[in-house]
Amino acid sequence: MQFPDSIAHLIQFDYPLAQHLWLGIGGPARYYAEPTSRSELIELVRWASQEGVPVRVLGGGSNLIARESGVDGLVISMAAGPLCELSTDANRLTAGGGAKLSHVVTHAVSAALAGLEHLLGIPGTVGGALVSNAGAGGRDIGSVTEKIEILSRDGSVKSIGSDEAQFSHRRSDLGGDVILSATFRLEKSDLESLTKRMQKLWIIRNSSQLPGVSKIAMPFVDPGGVTTQRLLADIGLAGTREGGVSLSAEQPNLLVATETATSNDCLRLIERVRQQVLLQTGIDLQSNLQIW
Ligand SMILES: Cc1cc2nc3c(=O)[nH]c(=O)nc-3n(C[C@H](O)[C@H](O)[C@H](O)COP(=O)(O)OP(=O)(O)OC[C@H]3O[C@@H](n4cnc5c(N)ncnc54)[C@H](O)[C@@H]3O)c2cc1C
C-alpha cells in the first residue's frame, strides 16, 4: 500500500483499539491515524477513498464493540485539539466533532446558554452523540442541533441542516461520513440558575453511576413506555452472565466487562438477552452499540 508523504507519518499499523474503547476489549485496526488538523483529516479520507480502504471514525469509544478479528480498514481518531474546538456566537455554540460532551456542556453553561445540560454525564463526543442522537431525561442532542458540517468520503465538505440528519429516538442518518462540527441553537439564560440546574443534574446523574466499574457499555435503546433498566429487572435478567461479561445486577441496562471478557461474550450476551425479552414480552430491543 502506498501512502502519500503528507500523511504517511500519521498511519500506524495493526493498532490495538481496545485502549480507546470503554469496554476495553476488541482487536486491532489495520490502519489507525490521529490527524492533528482538519487538512490532515481530509487528506486521510481522500487517500482512503482513492485506495478503496473503508474508513471508521472513533469518538470517545463509549458506544462501540470491536470484534476480536479487528477492523480491516482505517480508523480515524477525532481526539486532536483542532478537531475539538468550541466557540460561541450570540445564542449559538459550535463544537468540533471530536469535542467531549462534558466540555461542550460546561462551555455552554459558562456562556449562560441553556439547552445542552441534559447531556451532562453522557460519555463520548459530539460526533458519536449525533450519530446515536444521544439524550437523557426526554431531551436529545438532535433537538438543539441547527447544522452539521460533514466530510464526505470523497473528501468534500458540506453543511447540512438537522432535518437532513433525520434524528429520531437514539437514531440518525449520520454515521456514513465524518462529522467535522455541529452548531447548536441554544437559549440565553441566567448564569446562576443555569449553573444550579447543571449541578442538580450532575448530582442525579452521579447517583446512578456504578462505583468502581470502568469497563462498561449501554447495549440497548429504551424501547419507549418503559426503561430498559426496569424491563430487564422486572423479567429477572439483571445479572445475566455470558463468559466474562454480565448485565449489572444493580442497573441491568448496563453491560459490565471483566478482565477476561471478549467481544464475542458481549455479542452473545446481547443476543441472548434480546431473545429472552422478545420471548417474554414481545418487545424487540434495539441495539444502541455500533459493532466494528
Ligand atoms: C456508562 C454509559 C452511559 C451512557 N449513557 C447514555 C445516555 O444517558 N444517553 C445516551 O443517549 N447514550 C448514553 N450512552 C451511550 C454513548 O455514551 C453515546 O452514544 C455517546 O454519545 C457515544 O459517543 P462516542 O464519542 O463515545 O462514540 P463512539 O463510541 O466513539 O462511536 C459511536 C459511533 O459514532 C461514530 N462516530 C463517532 N464520532 C464520529 C464523527 N466525528 N463522525 C462520524 N461518526 C462518528 C462512530 O464511527 C461509531 O459508529 C452511555 C454509554 C455508557 C458507556
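Residues numbered from 1 in each chain as written. Predicted model: local features only at pLDDT ≥ 70, side-chain atom pairs only at ≥ 80, totals over all residues. Heavy atoms only, no water.

Novice: Is there a simple way to think about the site of the ligand in this case?
Specialist: Neighbouring the ligand are 32 residues; Val57, Gly60, Ser62, Thr125 and Gly135 lie closest to it. Take glycine 61: an N or O atom from its main chain is 2.8 Å from an oxygen atom of the ligand. Within the side chain of serine 62, an N or O atom sits 2.6 Å from an oxygen atom of the ligand. Protein coverage of the free-state accessible area of the ligand, which is 980 Å², stands at 95%. When residues of the shell around the ligand are traced back to their parent elements, those giving at least two are helix H4 (126-131), strand E13 (178-185) and strand E15 (216-217). Looking at side-chain class alone, the shell around the ligand contains 15 nonpolar, 14 polar and three charged residues. (Near = heavy atom within 4 Å. Polar contact = N/O pair within 3.5 Å; in protein donor to acceptor, adjacent residues only side chain to side chain. Areas by Shrake-Rupley, 256 points an atom, 1.4 Å probe, with all protein chains shown as cover. Helix = DSSP H or I, 4+ residues; strand = E, 2+ residues; numbered from the N terminus. Nonpolar A, V, L, I, M, F, W, Y, C, P; charged D, E, K, R; others polar.)

Novice: Just checking my understanding: could you explain the domain arrangement of the chain for this structure?
Specialist: Where interface size is given, it is often the accessible area lost as the parts come together that is meant. With domains assigned, the chain is organised as domain 1 (5-81), domain 2 (84-207) and domain 3 (216-291). A straight line from the C-alpha centre of domain 2 to that of domain 3 covers 27 Å. Each partner contributes to the interface: domain 2 provides four residues, whereas domain 3 provides six residues. Three residues, His169, Arg170 and Arg171, lead the burial of domain 2 against domain 3; their summed loss comes to 72% of the area buried on that side. Summed over the shared surface of domain 2 and domain 3, the result is zero salt bridges. Summed over the shared surface of domain 2 and domain 3, the number is two residue pairs in polar contact (both at pLDDT 80 or more). Here the side of domain 2 that touches domain 3 is built from residues that sort into one nonpolar, one polar and two charged. (Domains from an automatic or database assignment. Contact = heavy atoms within 4.5 Å. Buried area = accessible area lost by both parts, 1.4 Å probe. Salt bridge = Lys/Arg side-chain N within 4 Å of Asp/Glu carboxyl O.)

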